[in-house]
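One letter stands for each residue in the lines below.
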Amino acid sequence: MTMTIVRTDAFTDQKPGTSGLRKKVTTFKQINYLENFVQSTFNALGDCTGKNLVIGGDGRYYNQTAIQIILKMAAANGFSHVWVGQNGILSTPAASCLIRKYSAFGGIILSASHNPAGVDGDFGIKFNVSNGGPAPESITNGIYQQTLEISEYKIANAADLKLHELGQQTIGDMTVEVIDCVADYADLMQAIFDFDAIKQLLASDFSLRFDAMHAVTGPYAIEILEKRLGAAEGSVINGIPLNDFGQGHPDPNLTYAKELVDQMYADDAPDFGAASDGDGDRNMILGNHFFVTPSDSLAILAANATCVPAYNTGLKGIARSMPTSQAADRVAEKLGIEAHETPTGWKFFGNLLDADLATLCGEESFGTGSNHIREKDGLWAVLFWLNILAVKHQSVNEIVLAHWKLYGRNYYTRHDYEEVPSEQAEALMSHIQSQLSSLVGKNLDGRIVEYADNFSYLDPVDNSVSNNQGVRIGFIGGDRIIFRLSGTGTQGATLRVYIESYEDDATKLEQETQQALTQLIELASSIALIEKFTGRTEPTVIT
Ligand code: G16
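A quick note: this is a predicted structure, and the numbers were derived from the prediction, not measured.

Visitor: How should helix α14 (residues 396-407) be read in this particular structure?
Guide: The α-helix winds at 3.6 residues per turn, so residues separated by three or four positions along the chain end up facing the same way. Given a rise of 1.5 Å per residue, 12 residues ought to cover 16 Å, and the 17 Å separating the end C-alpha atoms of α14 matches this to within 8%. Among the residues making up α14, those that are buried are V396, I399, V400, H403, W404 and Y407. Each buried residue of α14 lies within a common arc of 135° when the element is viewed along its axis, so the set occupies one face. Residues K405 and L406 are exposed on α14 and point more than 90 degrees away from its buried face. Where α14 ends, the next residue or the one after it, G408, has phi of about 85°, a positive value.

Shown next, in the form of structure tokens:
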């Protein structure tokens, strides 16, 4: 194999965010932009000779082009074996599953998750480590440092690989093994859940709708839900992956999964509805005329975990990101297990899962997962719900209401203000920050502030510290207001305002969420002066 060493200049904007590097496709298409990031990743990993990798992506525009480049660079950097999904496709959970199954050194996942795709859309790349999870900050910081210092990259002089052909090909000494992108993942799901019970449920008078939003989960959902579990053909909608996601926004929430939401709130609504995102790691769960918040979903999965064969001996602990509601903490308390609170970003769960300190993890951003892999997992959450429904013979609505009756309800909402000019968002955050020290002990509209700080996380496993992970104002009794800037957007800043209020009065458990939280929502706006700093009178997205 011959290779070329290409001289290059550093880019200054390649700092990985909450989940890898996400930018506009047009940014990634700049000469050497992708190559610089890939070489910087390899440089940060040290000697790559003889190591192996899993590579795949969510199928968005530029996926295959990027994979061809990365394969040639991997060969030039000494890797010996790469597993790549057929046609370059792997959902994020499937990639994590394969890294673990094949004991790979790591993986490269190409995705900008739920962000729109296409020529003018977004693209993304991240490195996952040998446990199958996103690289921790120690590695992403190392990659960023390399991107600032890079002056050359290595690439093999080789023809493009045939990514549609299953089986082995080579680039010099490196073997490229093109594998079925669904089979291993589907087998893992079958090993975790009670497929017989779910099959019986689906064979009964029970209807389900799964919206793959023209993104990566279509083939996975069709194989698992329709073929292996026998859901009626057509239960999976928008199941054909398109490289622009059908020009949609594959973010499974009440705003963007509109087709599914409309069906679930129609007169003839199915019993169960779910959607996943661009790369298959997020999930939204709906019942007939009923939305389950991701925070409640985590708590309910934890409370009912023994319904599922893989978790029937109990849980070691539950972990949630800081802005996720505290509903899961109440379940942990009742089960007598540890509740962990981490910063936003699935990478922070990796150490807890590896050390067996947590079994289930979840985030308000429609992410739920467990120790079966080291990414959040959309279809896994859907199967978990189906398994619970099959065992309990109750509807989604009944299960959630029973949960609230037992534990109380954490009313919860997130208000997003998207594409705010960065300077405005920074000024707003500084304004909030400047008030923190004077807030503690104050009475704000009848609530006493118990703490007001910028969240800092001490990882109990490796003792690493992550600062500035979101401003939180907590009140006596558990109500909270949290402000953070998203780390996944590609245009301006996204301000996220998270509002939570606990209610255990049995007569007040079924209020409309925004209604129940009105007072706290107004308080958040007045603390942050949102309109003054951003000119916005209402959020772009409410979940
Ligand atoms: C990523 C991370 C999640 C995080 C989410 C939102 O998810 O893996 O841990 O909660 O982004 O992050 P932010 O609030 O910073 O935008 P995904 O599905 O986009 O990969």
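What follows picks up the thread again.
Visitor: Would you mind going over the pattern of salt bridges with me for this structure?
Guide: Should their charged atoms come close, side chains of opposite charge can pair. Under the defined criterion, the tally for this structure stands at 24 salt bridges. Put simply, R60 and D58 hold a salt bridge, and the shortest N to O gap is 3.0 Å. You can call R60 buried: its relative accessible area is 1%. The shortest N-O distance in the salt bridge between R320 and E341 comes to 3.1 Å. On the criterion of sequence distance, the pair formed by R320 in strand β15 (residues 317-321) and E341 in strand β16 (residues 338-342) is long-range, its members being 21 residues apart. Counted as one network, the salt bridges with shared partners bring together R320, D329, E341, D453, R472, R480 and E500.

Visitor: How should I be thinking about a nonpolar patch on the surface in this particular structure?
Guide: A cluster of nonpolar side chains, namely M1, M3 and I5, defines an oily patch on the protein surface of about 290 Å² accessible area. By the secondary structure assignment, M1 is in the segment before β1 (3-7).

Visitor: Would you explain empty space enclosed by the protein in this entry?
Guide: With a probe scaled to a water molecule rolled over the atoms, the places where space remains empty come into view. As enumerated under the stated definition, the model contains 5 cavities of 30 Å³ or more in all. Its volume calculated, the largest cavity comes out at about 280 Å³. Around the largest cavity, the lining is made up of 25 residues, and of these T18, R282, S365, K376 and T488 lie nearest the centre. Computed from the structure, the second largest cavity encloses a volume of approximately 80 Å³. P16, G20, K126, F127 and T140 are, among the 13 residues lining the second largest cavity, the residues nearest its centre. Those elements that provide at least two residues to the lining of the second largest cavity are β6 (122-128) and α5 (137-149). In terms of residue class, the lining of the second largest cavity is made up of 6 nonpolar, 5 polar and 2 charged.

Visitor: When you look at the site of the ligand in this model, what are you seeing that I'm missing?
Guide: In the neighbourhood of the ligand, 19 residues make up the surrounding shell, with E363, R484, S486, T488 and R496 lying closest. Contact distances for the ligand include 2.7 Å between an oxygen atom and a side-chain N or O atom of T18. With respect to the ligand, the side chain of R282 contributes an N or O atom lying 2.7 Å from an oxygen atom. Compared with its free state, where it exposes 470 Å², the ligand has 99% of that area covered by protein. Given that more than half its atoms are within 2 Å of the pocket grid, the ligand belongs to the largest cavity. Here the residues of the shell around the ligand sort into 1 nonpolar, 10 polar and 8 charged.

Conventions used here
Residues numbered from 1 in each chain as written. Predicted model: local features only at pLDDT ≥ 70, side-chain atom pairs only at ≥ 80, totals over all residues. Heavy atoms only, no water. Helix = DSSP H or I, 4+ residues; strand = E, 2+ residues; numbered from the N terminus. Expected span 1.5 Å × (residues − 1). Buried < 20%, exposed > 50% of the residue type's maximum accessible area, 1.4 Å probe, protein only. Arc of directions from axis to C-beta. Salt bridge = Lys/Arg side-chain N within 4 Å of Asp/Glu carboxyl O. Patch = residues over 30% accessible without salt bridge, like charges linked within 9 Å, V, L, I, M, F, W, Y side chains within 5 Å. Areas by Shrake-Rupley, 256 points an atom, 1.4 Å probe, with all protein chains shown as cover. 1 Å grid on protein atoms, 1.4 Å probe; cavity = no way out; pocket = protein on both sides within 12 Å on 5 of 7 lines; lining within 4 Å. Points joined across faces, edges and corners; volume = space filled by probe spheres on them. Nonpolar A, V, L, I, M, F, W, Y, C, P; charged D, E, K, R; others polar. Near = heavy atom within 4 Å. Polar contact = N/O pair within 3.5 Å; in protein donor to acceptor, adjacent residues only side chain to side chain. Sits in = over half its atoms within 2 Å of the grid points.

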